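Structure assessment
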Amino acid sequence: MTDTIHVALTDGSLELHSDSDAPWAVSSDWLRDNCRCAACRHPGNGQKLYAIVDLPDGLHVVTAVIDPDQGLQVRWSDGHVSSYTPAWLRDHALSDAARSARRRSTTLWTRDLLARLPMADWPALLADPVAELAWLEQYAALGFGLLRQVPCEPGMVAQVGDRLGFVRITNYGRLFDVKSVPNPTNLAYTAVGLGVHSDNPYRHPSPGVQLLHCLESEAPGGDTLLVDGFHAADILRREDPAAFALLCRIPMNFRYADASTELQARQTLISADMDGRVCAVHFNNRSADWLDAPAAEALPWYQAYRAFAHILKRPELELVFRLDPGDCVVMQNDRTLHGRTAFDPGRGRRHLQGCYIDGDAMESRRLVLRRTRNP
Ligand SMILES: [Zn+2]
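Let me begin by describing the structure that accompanies this report. On a predicted model such as this, the values are computed, not experimentally measured, just so you know.

Our next topic: the coordination of the zinc ion. Coordination of the zinc ion by the protein is provided by Cys35 (SG), Cys37 (SG), Cys40 (SG) and His80 (NE2), with metal-donor distances spanning 2.1 to 2.3 Å. Around the zinc ion, the 4 donor atoms are arranged such that angles at the metal cover 101 to 117°; this shape is classified as tetrahedral.

What follows is the structure, encoded as structure tokens:
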């Protein structure tokens, strides 16, 4: 977009618009706080050199002129002069259309995604930044990605985690085993199916990304289930807006406890941002503790909870596939809920290893690779 930006200054109120977009009123404090001059921001690192309280009260624009090449030149009531390039003005426009276009594009999915799973070979991704960026873009849009040809060696999942980000060490260690052998001594942890969930909502913050790497999968069953939690939340909002609002507002307590650990966190099952877009889902039946809410809210909250849980079980939302040895699934833990079908541990081994990383490092890698390609 290379629209020309126009400016109008009427009685001290500044308005900007481009040829193709609606005008937006520009607050003086907002504009001045974005001054890029060497007195306001360090020319080397771009960091701000003043505090907001250093700006005078009642600051206003005295003159504002715009030039198609130079951009906007502003003289302020305290004598300061600021300039803003046309590209900066376009990138920071506050019209509804411009704000909406800036939001990260999220692609909601259903079981139909099976035909085009976001997949890459790990060695190719290590060797080629273009392939890596393509995979990271798919991960960002869909909330998960698959890696194939990850060497079938114990501990490899943490190496992948440290390449995509930084492994987060928890009370489970750097990584954990999801393992079953024929005739196990401990039946409790083994072969049952698991409904879709996000991991560790009892942590604050809960893990941003979960990796699961398949080392062995001889046992029949044990297929991976994934559900797009953002899509399920959007369906709840469409079908029952009051239930959606309740799950966004009232948190549930989650808990994990063992002899040396007591982890507790309060999380809303659904979070939405200021524009109403779903930005996080936390759902885990096994670690759900209890609802500490005003008594009158418990009945409608439980109705909403049940409605959301029913949506998460709809077969048309469920992506089902099998992890083979060497496959690693990487999931945005507050979006893509995961589970597994039951399996028969008497007829073969099944062994996965998992670890957690924070989401910001993967997002940073995506943005740096983008920056490198489009300086
Ligand atoms: Zn300045």
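For the rest of this paragraph, the subject is helix 5 (residues 129-142). For helix 5, which comprises 14 residues, the first-to-last C-alpha distance of 20 Å matches the rise-based estimate of 20 Å (1.5 Å per residue) to within 8%. Listed as buried for helix 5 are Glu132, Leu133, Trp135, Leu136, Tyr139, Ala140, Ala141 and Leu142. Taking the backbone nitrogen of valine 130 as reference, a side-chain oxygen 2.9 Å away marks aspartate 128 as the first, capping residue of helix 5. Directly after helix 5, the chain includes glycine 143, whose backbone phi takes a positive value near 85°.

With that out of the way, let us pick up the side chain of histidine 282. Structurally, histidine 282 can be placed in the loop between strand 16 (278-281) and helix 9 (295-312). For histidine 282, a relative accessible area of 8% corresponds to the buried category. A distance of 3.2 Å separates polar atoms of two side chains, one belonging to histidine 282 and the other to serine 206. Not counting chain neighbours up to four residues away, the residues in contact with histidine 282 comprise Ser198, Pro201, Ser206, Phe254, Gln267, Thr268, Leu269 and Asp334.

Let's shift gears to the sheet that holds strand 5 (residues 71-76). Read from one edge to the other, the open sheet built from 3 strands follows the order 4-5-6, with strand pairing classed as antiparallel. The open sheet is flanked by strand 4 (61-67) and strand 6 (81-84), the only strands paired with a single partner. Averaged over all adjacent pairs, the angle separating strand axes in this sheet is 15°, with direction ignored.

Here we come to the packing of aromatic side chains. All told, the structure shown has 12 aromatic pairs when counted by the stated rule. Where tryptophan 109 meets phenylalanine 144, the ring centres are 5.2 Å apart and the plane angle is 65°; that geometry is what we call edge-to-face. Pair noted here: tryptophan 109 is in the loop between helix 3 (96-102) and strand 7 (119-121) and phenylalanine 144 is in strand 8 (residues 144-148), with a separation of 35 residues, a long-range link. Accessibility expressed as a relative area gives 3% for tryptophan 109, which makes it buried. Classification of phenylalanine 144 by relative accessible area gives buried; the value is 0%. Members of the aromatic cluster, connected to one another through ring pairs, are Phe283, Trp301, Tyr302, Tyr305 and Phe308. Over the face of the ring belonging to phenylalanine 343 we find arginine 350, whose NZ or CZ atom lies 5.0 Å from the ring centre.

Each value, and the rule that gives it
Residues numbered from 1 in each chain as written. Predicted model: local features only at pLDDT ≥ 70, side-chain atom pairs only at ≥ 80, totals over all residues. Heavy atoms only, no water. Donors = N, O, S within 2.8 Å, 3.2 Å for Na, K, Ca; no water. Tetrahedral: all angles 85-135°; square planar, octahedral: opposite > 155°, others 65-115°. Helix = DSSP H or I, 4+ residues; strand = E, 2+ residues; numbered from the N terminus. Expected span 1.5 Å × (residues − 1). Buried < 20%, exposed > 50% of the residue type's maximum accessible area, 1.4 Å probe, protein only. Polar contact = N/O pair within 3.5 Å; in protein donor to acceptor, adjacent residues only side chain to side chain. Contact = heavy atoms within 4.5 Å. Pairing = 2+ DSSP bridges. Axes fitted to C-alpha atoms, helices over the stretch in contact; angles between N-to-C directions. Phe/Tyr/Trp six-rings, centres within 6.5 Å; stacked < 30°, edge-to-face > 60°. Lys NZ or Arg CZ within 6 Å of the ring centre and 35° of its normal.

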